[in-house]
Amino acid sequence: MKGYVDNIERATVENEDFRRVLYTGRNMQLVLMTLPPGCDIGEEVHEDRDQFFRIEEGEGEIRIDGVANRVEDDFAVIVPAGARHNVVNTGSEPLRLYTLYAPPEHRDGVVHKTKEQAERDHDNDEWNGETTE
């Protein structure tokens, strides 16, 4: 197995897609996200998986169980399984981040150019057990 090896900061700041799954293992998944100003991921709860967020560019809030946490470049946040959460771009520039799901959340290789596309595909992008390698 090769795993995933790359300059994650460069990959994140160059990403223009709302969601891009880069790598899916059996127990963890790496996903890039870019939220335009005013955009959010949508409030959600993952009952069975933890989630890690790393902000590379921009500013916003990551809300966890009703508490708004200001974030900006170089911030990291862990959302434990079962916590209601949302990521909101409160700045005037794109919010660029990567996230790790443990275990995976989305189908391997999925790309959603926009939040609207992600919402339309929601019922079809659940992880099906397939990994990158």
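Keep in mind that this is a model prediction, so the values were computed, not measured.

## Things to note about the sheet that holds strand β5 (residues 59-64)
- Spatial ordering of the open sheet is given by β3-β8-β5-β6, a layout of four strands whose pairing is antiparallel. At either end of the open sheet lies a strand with only one pairing partner, and these are β3 (44-45) and β6 (67-72).
- As paired strands, β5 and β6 are joined by six bridges and run antiparallel to one another. Paired with Glu61 across the strands is Arg70, a residue of β6.

## Topic: the sheet that holds strand β9 (residues 95-102)
- Reading across from one edge, β7-β4-β9-β2-β1-β10 is the order of the six strands in this open sheet, with antiparallel pairing throughout. One side of each edge strand has no neighbouring strand; the edge strands of this open sheet are β7 (76-79) and β10 (111-112).
- Both strand β1 (residues 19-24) and strand β2 (residues 29-35) contribute to a ladder of five bridges, which runs antiparallel. Bridging from a neighbouring strand, Arg19 pairs with Met33 of β2.

Criteria and cut-off values
- Residues numbered from 1 in each chain as written.
- Predicted model: local features only at pLDDT ≥ 70, side-chain atom pairs only at ≥ 80, totals over all residues.
- Heavy atoms only, no water.
- Pairing = 2+ DSSP bridges.
- Helix = DSSP H or I, 4+ residues; strand = E, 2+ residues; numbered from the N terminus.

Read these as spatial facts, not as claims about activity.
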